[in-house]
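Spelled out from the first residue to the last, the chains are:
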Amino acid sequence: MSILTQKTIKTPIHFGGVGLHSGKEVKMKILPSEPNSGIVFKRIDLEKNNIVIPNVYNVNRASFCTTISNEHGVEVSTIEHLMGALYILGVDNALVELTSQEVPIMDGSARDFVKLILETGLKVSKAPIKLIKINKQISLEDGSKFIKIDKSNVSLDIRFEIKYSNSLIGNQINKVNVYEDDLSDIYSSRTYCLFEDIDKLKKLGLAKGGSLNNAVVVKDKEVLNKDGLRNKLEFVNHKILDCIGDVYLSGYRMIGSIDCSQGGHSLTNQLLREVFQDKSNFSVFEVSGKNLPTTFVNKSQLKSIA
Ligand SMILES: [Zn+2]
């Protein structure tokens, strides 16, 4: 199948679960949609003003998770893992219906989203995909946090670093080429927190749905989840998943190179706002077979979906 044309899912997919922060039960349905419609969220618990578009400028909160809202103040939160799965699988168009404000957290990673979308399969249209190509280096700092975006030839490269005084997490660095690498460790990596932060999160009204079933919890030198970690770099790999999902709020997939140290949803969003405020920073181009280098082809994706 061609990666040069837009795709949606073949048939509707149902998910059920709980919101990580709200603790609310939620049902989610992903439905096929037409070319050039993009990813669209719809709050079916509301009768009107219920469409929310995942766009860089619609992010109204980005601490702990990515929350988007429309002009009527209707919100959808914790969208980043689903957006990461849709990006990784090359889903350009889909309608995501929710019965509550928060996307279900599932197991804390994007693994269930990826698995069910792959099982359902993708429907290929004839409409060419569009890509955003970064033209210039832009960087942002916030204390010890740092993020930089730069141009690349044909890939989206993400290098991420985390530094924790907790010695089990410690310093982790990983780098991926999003279109070439096997991303199973990325989309299977779960969200995490330190045991001592749970009270703080709860006092902020967050993590009400959090449990060892949907987050890795680290207490001193121990992972409290009974099966331990899913991969050696699960912590930084989850941050890369978050980053991929947040980048998809650009509307299209991207050609560029991102380097981030200790950042997260907020810093990624600030960076993308900076990129899009000046048209010389980026180009959007429509891809035809002729103008796309063959190395763009995501081999692992072709293997798994073809
Ligand atoms: Zn996350």
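A brief report on the enclosed structure follows. The model shown is predicted, which means the values in this text are computed figures rather than measured ones.

### Focus: the overall build of the chain
When you go through the chain residue by residue, the secondary structure sums to 7 helices and 20 strands. Relative to the globule expectation of 19 Å for 306 residues, the C-alpha radius of gyration of the chain, 18 Å, shows essentially globular dimensions. Dimensions along the principal axes, computed over C-alpha positions, put the chain at roughly 55 × 45 × 40 Å. Expressed as a percentage of the 306 residues in the chain, the buried residues total 54%. Across the chain, contacts joining residues at least 24 apart in sequence account for 74% of those joining residues at least 6 apart. Of the roughly 13800 Å² of accessible surface on the chain, 49% is carried by carbon and sulfur atoms. Between the mean site of the 39 positive side-chain charges and the mean site of the 35 negative ones, the chain shows a separation of 3 Å.

### Points about the layout of surface pockets
The gaps of empty space that remain are located by a probe, the size of a water molecule, rolled over the atoms. Approximately 1000 Å³ is the volume found for the largest pocket. F64, Y164, Y192, L201 and K239 are, among the 40 residues lining the largest pocket, the residues nearest its centre. For the lining of the largest pocket, the elements supplying multiple residues, two or more each, are α1 (80-89), β14 (156-163), β16 (192-194), α4 (198-203), α5 (234-247) and α6 (265-276). In the lining of the largest pocket, the residues fall into 17 nonpolar, 14 polar and 9 charged. In terms of lining residues, the second largest pocket is bounded by 20 residues, among which G38, I39, D92, G251 and Y252 are the most central. Its residues assigned to classes, the lining of the second largest pocket shows 9 nonpolar, 8 polar and 3 charged.

### A few points about the state of the cysteines
The full count for this structure, using the stated rule, is 0 disulfides. C65 provides the cysteine sulfur closest to C193, a residue in no disulfide bond, and the two sulfurs are 14 Å apart. Given a relative accessible area of 16%, C193 falls into the buried group. C243 provides the cysteine sulfur closest to C260, a residue in no disulfide bond, and the two sulfurs are 6.3 Å apart.

### Things to note about the coordination of the zinc ion
Every protein donor of the zinc ion is accounted for by H81 (NE2), H238 (NE2), D242 (OD) and D242 (OD), and the metal-donor separations fall at 2.1 to 2.8 Å. Bound by 4 donor atoms, the zinc ion shows angles of 52 to 146° at the metal and therefore irregular coordination geometry. Site description for the zinc ion: donor spacing in sequence, H-x156-H-x3-D. With H238 and D242 both in helix α5 and 4 residues apart, this pair spans about one turn of that helix. By the burial criterion, H238 is buried, and D242 matches it.

### A few points about the pairing of strand β13 (residues 145-150)
Examined bridge by bridge, strand β12 (residues 138-142) and β13 share 5 bridges and lie antiparallel to one another. Pairing of L140 across the sheet is with I147, part of β13. Where β12 hands over to β13, the hairpin turn is made up of 2 residues, of which G143 adopts a positive phi near 60°. As paired elements, β13 and strand β19 (residues 253-261) share 5 bridges and run antiparallel to each other. Across the sheet, F146 pairs through a bridge with S261, a residue of β19.

### Quick word on the side chain of H265
Residue position: H265 is located in helix α6. At 2.6 Å, the side chain of H265 forms a polar contact with the side chain of D246. If near-sequence neighbours (up to four positions away) are discounted, H265 is found in contact with A62, F64, C65, T66, E80, D242 and D246.

### A look at the pattern of salt bridges
As a working rule, side chains carrying opposite charge can pair if their charged atoms are close by. Under the criterion given, the structure shown has 9 salt bridges. Notably, a salt bridge pairs D107 with R111, separated by 3.7 Å at the nearest N-O pair. Judged by its relative accessible area of 10%, D107 is buried. Classification of R111 as partly exposed rests on a relative accessible area of 35%. Across the pair K200 and D197 runs a salt bridge, and its minimum N-O distance is 2.8 Å.

### Details of the packing of aromatic side chains
Any aromatic ring pair is given by two values, namely how distant the centres are and how the planes are angled relative to each other. In the structure shown here, the tally under the stated rule is 6 aromatic pairs. Between the aromatic rings of Y164 and Y192, the centroid separation amounts to 6.0 Å while the plane-to-plane angle is 65°, which identifies the pairing as edge-to-face. A residue pair is termed long-range when its members are at least 10 positions apart, and Y164 in the loop between β14 and β15 (171-177) and Y192 in strand β16 qualify at 28 residues. Overall, the relative accessible area of 29% leaves Y164 in the partly exposed class. Members of the aromatic cluster, each reached through a chain of ring pairs, are Y87, Y179 and Y248.

Thresholds applied
- Residues numbered from 1 in each chain as written.
- Predicted model: local features only at pLDDT ≥ 70, side-chain atom pairs only at ≥ 80, totals over all residues.
- Heavy atoms only, no water.
- Helix = DSSP H or I, 4+ residues; strand = E, 2+ residues; numbered from the N terminus.
- Rg over C-alpha atoms; globule rule 2.2 N^0.38 Å.
- Buried < 20%, exposed > 50% of the residue type's maximum accessible area, 1.4 Å probe, protein only.
- Contact = heavy atoms within 4.5 Å.
- Areas by Shrake-Rupley, 256 points an atom, 1.4 Å probe, with all protein chains shown as cover.
- Lys, Arg positive; Asp, Glu negative; His and termini not counted.
- Charge placed at Lys NZ, Arg CZ, Asp CG, Glu CD.
- 1 Å grid on protein atoms, 1.4 Å probe; cavity = no way out; pocket = protein on both sides within 12 Å on 5 of 7 lines; lining within 4 Å.
- Points joined across faces, edges and corners; volume = space filled by probe spheres on them.
- Nonpolar A, V, L, I, M, F, W, Y, C, P; charged D, E, K, R; others polar.
- Disulfide = S-S within 2.5 Å.
- Donors = N, O, S within 2.8 Å, 3.2 Å for Na, K, Ca; no water.
- Tetrahedral: all angles 85-135°; square planar, octahedral: opposite > 155°, others 65-115°.
- Pairing = 2+ DSSP bridges.
- Polar contact = N/O pair within 3.5 Å; in protein donor to acceptor, adjacent residues only side chain to side chain.
- Salt bridge = Lys/Arg side-chain N within 4 Å of Asp/Glu carboxyl O.
- Phe/Tyr/Trp six-rings, centres within 6.5 Å; stacked < 30°, edge-to-face > 60°.

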